[in-house]
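# Structure at a glance
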Amino acid sequence: MQEVTVAERGDALVIRLAGEIDSRNADDFFEEVMSAYRVSPVDLVFDCAALEFIDSTTLGTFVKILKRVKTDGHSVRLESLQPRLKKLFVICALDTIMEIA
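Residues numbered from 1 in each chain as written. Predicted model: local features only at pLDDT ≥ 70, side-chain atom pairs only at ≥ 80, totals over all residues. Heavy atoms only, no water.

### Let's talk about unusual backbone geometry
If a residue is not glycine, its phi is most likely negative; likewise, a peptide bond is most likely trans. Here is the rule we go by: Helix and strand definitions here come from DSSP, where helices need a minimum of 4 consecutive H or I residues and strands a minimum of 2 consecutive E residues; each element is numbered from the N-terminal end.
Despite not being glycine, Ser 80 has its phi angle at roughly 60°, a positive value. With respect to the helices, strands and loops of the structure, Ser 80 is situated in the loop between strand 4 (76–79) and helix 3 (83–91).

Okay, structure coming up:
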């Protein structure tokens, strides 16, 4: 199960993620994020402190979000990733196209 909470913070949307995001709910995750982004097209900051699990579908979803946001000149940053989840982004070289703090 996933939980996505969106809050505006000045020049960015902070999206707090909790639980698991995988092939079963990745489309819902994408739609929630893009719905918030369409209302307020600014940089996206994902707070991943409570994110417990992702799969390859989720990695692809993050790339899909990044592509949409970059076309508008905005960025994506991931914060507070658990080390085992951060490792997935590094292995797939996604840390070279999006900021991971």
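Now that the structure has been shown, the text picks up again.
### A look at the environment of Glu 52
Condition: What makes two residues a contact is simply this: any of their non-hydrogen atoms within 4.5 Å.
Position of Glu 52 relative to the elements: it lies in strand 3 (residues 43–54). Sequence-wise, Glu 52 and Leu 17 are 35 residues apart; in three dimensions their C-alpha atoms are separated by 9.0 Å. With sequence-adjacent residues up to four places away left out, Glu 52 is seen in contact with Gly 19, Gln 82, Arg 84 and Leu 85.

### Here we look at the sheet that holds strand 4
Inclusion rule: For two strands to be treated as a pair, DSSP must find at least two bridges joining them. Note on definitions: angles span 0 to 180 degrees between N-to-C directions of axes, and those axes are lines fitted to C-alpha atoms, for helices only across the stretch in contact.
If you walk across this open sheet you meet the five strands as 1-2-3-4-5, and the pairing is mixed. The open sheet is flanked by strand 1 (2–9) and strand 5 (99–100), the only strands paired with a single partner. Sheet topology places strand 2 (residues 12–21) next to strand 3; nine bridges connect them, and they run parallel. Bridged to Glu 20 within strand 3 is Phe 53. Sheet strands in contact with helix 3 are strand 3, strand 4 and strand 5, and its direction is about 120° off that of strand 3.

### A short note on the nonpolar core
So the rule is basically this: Nonpolar cores are built from buried Ala, Val, Leu, Ile, Met, Phe, Trp, Tyr and Cys residues. Side-chain atoms within 4.5 Å join them into one set. Whether a residue is buried, partly exposed or exposed follows from its accessible area with a 1.4 Å probe, protein chains only, as a fraction of its type maximum: under 20%, in between, or over 50%, in that order.
Leu 17, Phe 29, Leu 44, Phe 46, Ile 65, Leu 78 and Phe 89 are the most contacted members of the largest nonpolar core, which has 31 residues in total. Where this core is concerned, the elements lending two or more residues are strand 2, helix 1 (26–39), strand 3, helix 2 (56–70), strand 4 and helix 3. Aside from chain neighbours lying at most four places away, what touches Ile 65 is Phe 29, Phe 30, Val 33, Met 34, Leu 44, Phe 46 and Val 76.

### Re the pattern of salt bridges
For clarity, the threshold we go by: Any carboxyl oxygen of Asp or Glu that lies within 4 Å of a side-chain nitrogen of Lys or Arg is treated as forming a salt bridge with it.
Taken as a whole, this structure holds five salt bridges when the rule is applied. For the salt bridge of Glu 20 with Arg 24, the shortest nitrogen-to-oxygen distance reads 3.8 Å. In this structure, Asp 22 engages Arg 24 in a salt bridge whose closest nitrogen and oxygen atoms are separated by 2.6 Å. Judged by its relative accessible area of 63%, Arg 24 is exposed. Overlapping salt bridges, with partners in common, bring together Glu 20, Asp 22 and Arg 24 in one network.

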